[in-house]
Amino acid sequence: MAGSLLRLHFHDCFVQGCDGSLLLKSIAGVIEGEQEALPNANSVRGFEVVDAIKAALEQECPGIVSCADIFALAARDSVAVSGGPSYPVQLGRRDSLTANRELANKNLPGFNFNVTDLVAAFANVGLSARDMVALSGGHSIGKARCNTFAARLTPDPQDPTALSSSYSSLLQQQCPAGAASDALVDLDVTTPIQFDNAYYSNLLSNRGLLHSDQVLYSTPGATRDLVNLYAQTNSAFAKDFSVAMLKMGSITPLTGSEGQVRNQCGYVNA
Ligand code: HEM
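Residues numbered from 1 in each chain as written. Predicted model: local features only at pLDDT ≥ 70, side-chain atom pairs only at ≥ 80, totals over all residues. Heavy atoms only, no water.

**What to know about the domain arrangement of the chain**
- Domain boundaries in the chain define domain 1 (2-109) and domain 2 (130-245).
- One C-alpha centre belongs to domain 1, the other to domain 2; they are set 24 Å apart.
- Facing 15 residues of domain 1, the contacting portion of domain 2 comprises 13 residues.
- When domain 1 packs against domain 2, the two sides together hide about 1,100 Å² of surface, and 67% of this comes from carbon and sulfur.
- Sorting the residues of domain 1 by area buried against domain 2 places Arg45, Ser82 and Tyr87 first, and these three jointly supply 40% of that buried surface.
- Between domain 1 and domain 2 we count zero salt bridges in total.
- Viewed at the interface, domain 2 and domain 1 are joined by three residue pairs in polar contact (both at pLDDT 80 or more). (Domains from an automatic or database assignment. Contact = heavy atoms within 4.5 Å. Buried area = accessible area lost by both parts, 1.4 Å probe. Salt bridge = Lys/Arg side-chain N within 4 Å of Asp/Glu carboxyl O. Polar contact = N/O pair within 3.5 Å; in protein donor to acceptor, adjacent residues only side chain to side chain.)

**Here we look at the site of the ligand**
- Neighbouring the ligand are 25 residues; Ser4, Ser43, Arg45, His139 and Arg145 lie closest to it.
- In this structure, an oxygen atom belonging to the ligand sits 2.6 Å away from a side-chain N or O atom of Ser43.
- Contact between the ligand and Arg145: an oxygen atom at 2.7 Å from a side-chain N or O atom of the residue.
- Placement of the ligand is best described as lying within the largest pocket.
- Contributing elements (two or more residues each) for the shell around the ligand: helix H1 (2-13), helix H5 (115-123), helix H6 (129-136) and strand S1 (143-145).
- Tallying contributions element by element places H1 first for the shell around the ligand, with five residues.
- Here the shell around the ligand spans two domains, since at least three of its residues come from each of domain 1 (2-109) and domain 2 (130-245). (Near = heavy atom within 4 Å. 1 Å grid on protein atoms, 1.4 Å probe; cavity = no way out; pocket = protein on both sides within 12 Å on 5 of 7 lines; lining within 4 Å. Sits in = over half its atoms within 2 Å of the grid points. Helix = DSSP H or I, 4+ residues; strand = E, 2+ residues; numbered from the N terminus.)

**Section: the state of the cysteines**
- Following the criterion strictly, the structure yields three disulfides and no others.
- Between the sulfur atoms of Cys13 and its disulfide mate Cys18 the distance is 2.1 Å. Looking down the S-S bond of the Cys13 and Cys18 bridge, the torsion is 115°, so its handedness is right-handed.
- Of the residues examined, Cys13 reaches a relative accessible area of 0% and is grouped as buried.
- Exposure remark for Cys18: the relative accessible area of 0% places this residue in the buried category.
- Through a disulfide, Cys146 is tied to Cys175; the S-S separation comes to 2.1 Å. Here the disulfide of Cys146 and Cys175 is left-handed, its torsion about the S-S bond being about -85°. Linking Cys146 in the loop between S1 and helix H7 (165-174) with Cys175 in the loop between H7 and strand S2 (184-186), this pair joins segments that are 29 residues apart in sequence. Cys175 shares its class with Cys146; the two are buried.
- Sequence-ordered numbering of the bonded cysteines in the chain gives a disulfide pattern of 1-2, 3-6, 4-5.
- Its sulfur unpaired, Cys61 is 12 Å from the next cysteine sulfur, which belongs to Cys67. (Disulfide = S-S within 2.5 Å. Buried < 20%, exposed > 50% of the residue type's maximum accessible area, 1.4 Å probe, protein only.)

**Some remarks on the UniProt feature "active site" (unreviewed entry) in the chain**
- Annotation from UniProt places "active site" (unreviewed entry) at His11.
- Filtering out sequence-adjacent residues up to four positions away, His11 remains in contact with Leu22, Pro39, Asn40, Val44 and Leu108. (UniProt positions renumbered as here; feature names shortened; annotations may be inferred.)

**So, the UniProt feature "binding site: heme b" (unreviewed entry) in the chain**
- Taking the UniProt record as the reference, the feature "binding site: heme b" (unreviewed entry) is found at His139.
- Considering the arrangement of structural elements, one finds His139 in the loop between H6 and S1.
- Leaving out residues up to four positions away in the same chain, His139 has contacts with Leu187, Asp188, Tyr199, Leu210 and Asp213.

Okay, here's the thing in structure tokens:
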């Protein structure tokens, strides 16, 4: 669940800011929820954990802690409990009254993106290329479905993003039916549940699971330099990741009397 919770915060913040909009359930004619957007459908996990946290909080201090803040805190604790850095989290976000499926489809980066697309997707929400490379280290934990990388299982030696042959054989065993397999595969093949810089060393040996991971190294330029830096120095990764998480957590939050503190994360208050 650590990886799933970290990803929920990211997918929340990239769509109209960190406002819990991802949690709102679709209601025909009222709310077109984000959970059915392409990058989220059958993919994002962990909502039941957020609901359980919210229920426990409502027992202790009703109406105080927003679902958007729960996302931010759960992401921080998921990283820390997995052995990564513990960074400060600002609080006071309020929950949205709306969701935006169209924006979720537009703003969330795709696993087929190249470096230019990735830099643009992060710039669109005010994050730098450095933030993008550091935050991609979120793939140090968690899992991906076979269909997100199945196209990479047919090796093309001319392709600089091609998987190493031993890694490709391993993945073929883990996804026997290719894209149709519903297996979940570790994003970081070396230290799958440890939040560390092994994600970056994997890229140096063509063991980045997603195309969007491997391009960070295979594309000459600033992103490759950062991958080399983070692969070499875990503390540089930990520092830049923490800075970038704080920035990501501050994307256009609702504050003060804007929005509301939802009673149940899936629904706007009656
Ligand atoms: C740079 C652009 C990114 C792309 C293209 C991308 C894409 C993906 C994809 C395709 C998956 C697998 C989804 C599935 O199985 O259906 C995934 C999983 C994941 N992503 Fe990303 N991601 C990106 C950035 C990030 C960022 C910024 C974070 C957090 C800081 C993050 C954290 C995660 C985690 C932890 C998982 C595993 C989730 C789980 O186990 O439930 N990703 N990502």
